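Structural overview
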Amino acid sequence: MKSMEEMIKAAQEAAQTVQTQMEEAQSKLDSIEVEGKSGGGLVSVKATAKGRILGVSIDESLIKADEKGILEDLVAAAFNDARDKADAVSNEEMSKMTGGMGLPAGFKLPF
């Protein structure tokens, strides 16, 4: 049987490995790009899988003063679409990392 010191050392090494993997996953998520669209592609938002917004594109046909409300709705919808895609990519990447950890279903590591 292992001594208590050996078990503590093994637990600390495992924790360090998990921390390193989490940092690598977070870095990877910030380099993966997703694009949310609305209005049939007239408005698009590019973001990282971590949720950082990289850019917004609005088709010139939408830039009319009397349709400001519609444009605002489309921009919000594109942001939400990008956020949904970022969440999906993030969850997929994190499940790859946590797959071998034997965590119970639905268990989420903090970010």
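Notes on the structure follow. Keep in mind the model is a prediction, meaning the values are calculated, not measured.

This part covers the overall build of the protein. Secondary structure summary: the protein contains 2 helices and 3 strands in total. Traced from its N-terminal end to its C-terminal end, the protein shows the element sequence α-β-β-β-α. Counting all 111 residues of the protein, 23% fall into the buried class. Pairs at least 24 apart in sequence give 50% of the contacts found in the protein among residues at least 6 apart. Only carbon and sulfur atoms are counted for the fraction: they give 55% of the accessible area of the protein, which is about 7,700 Å².

Under the counting rule described, the total for this entry stands at 4 salt bridges. Among the salt bridges present, the one from K85 reaches D81, with a minimum N-O distance of 3.4 Å. Linking K85 with D81, this pair stays in helix α2 (residues 68-98), spanning 4 residues, or about one helical turn. Take K85: its relative accessible area is 36%, and that puts it in the partly exposed class. By relative accessible area, D81 is classed as partly exposed at 23%. One salt bridge connects R83 with D87, and the closest N-O pair in it is separated by 2.5 Å. Placement of the pair is R83 and D87 together in helix α2, with a separation of 4 residues, close to one helical turn. By relative accessible area, R83 is classed as partly exposed at 32%.

This brings us to a nonpolar patch on the surface. Residues I53, V56, I58, I63 and F79 make up a contiguous nonpolar surface patch of roughly 400 Å² in combined accessible area. Looking at which element gives the most residues to the nonpolar patch, the answer is strand β3 (residues 53-58), with 3 residues. Secondary-structure assignment places F79 in helix α2. Looking at F79, the relative accessible area reads 30%, which means it is partly exposed.

On to the pairing of strand β1 (residues 33-38), then. The side-chain alternation of β1 yields one buried face, formed by V34, G36 and S38, and one unburied face, formed by E33, E35 and K37. In the sheet, β1 pairs with strand β2 (residues 43-48) via 6 bridges, with the strands oriented antiparallel. The residue bridging V34 from the neighbouring strand is A47, located in β2.

The next subject is helix α1 (residues 4-31). Think of an α-helix as turning once every 3.6 residues; residues three or four places apart then point the same way. For α1, with 28 residues, the first-to-last C-alpha span of 41 Å sits near the 40 Å given by 1.5 Å per residue. Taken together, the buried positions of α1 are M22, A25, Q26 and L29.

Two strands in a sheet stick together by hydrogen bonds in their backbones, pointing the same way (parallel) or opposite ways (antiparallel). Taking strand neighbours across the sheet as the criterion, the 3 strands line up as β1-β2-β3 in an open arrangement whose pairing is antiparallel. Among the strands making up the open sheet, the edge pair consists of β1 and β3. Pairwise comparison of adjacent strand axes, ignoring direction, gives a mean angle of 15° for this sheet.

Criteria and cut-off values
Residues numbered from 1 in each chain as written. Predicted model: local features only at pLDDT ≥ 70, side-chain atom pairs only at ≥ 80, totals over all residues. Heavy atoms only, no water. Helix = DSSP H or I, 4+ residues; strand = E, 2+ residues; numbered from the N terminus. Buried < 20%, exposed > 50% of the residue type's maximum accessible area, 1.4 Å probe, protein only. Contact = heavy atoms within 4.5 Å. Areas by Shrake-Rupley, 256 points an atom, 1.4 Å probe, with all protein chains shown as cover. Salt bridge = Lys/Arg side-chain N within 4 Å of Asp/Glu carboxyl O. Patch = residues over 30% accessible without salt bridge, like charges linked within 9 Å, V, L, I, M, F, W, Y side chains within 5 Å. Pairing = 2+ DSSP bridges. Expected span 1.5 Å × (residues − 1). Axes fitted to C-alpha atoms, helices over the stretch in contact; angles between N-to-C directions.

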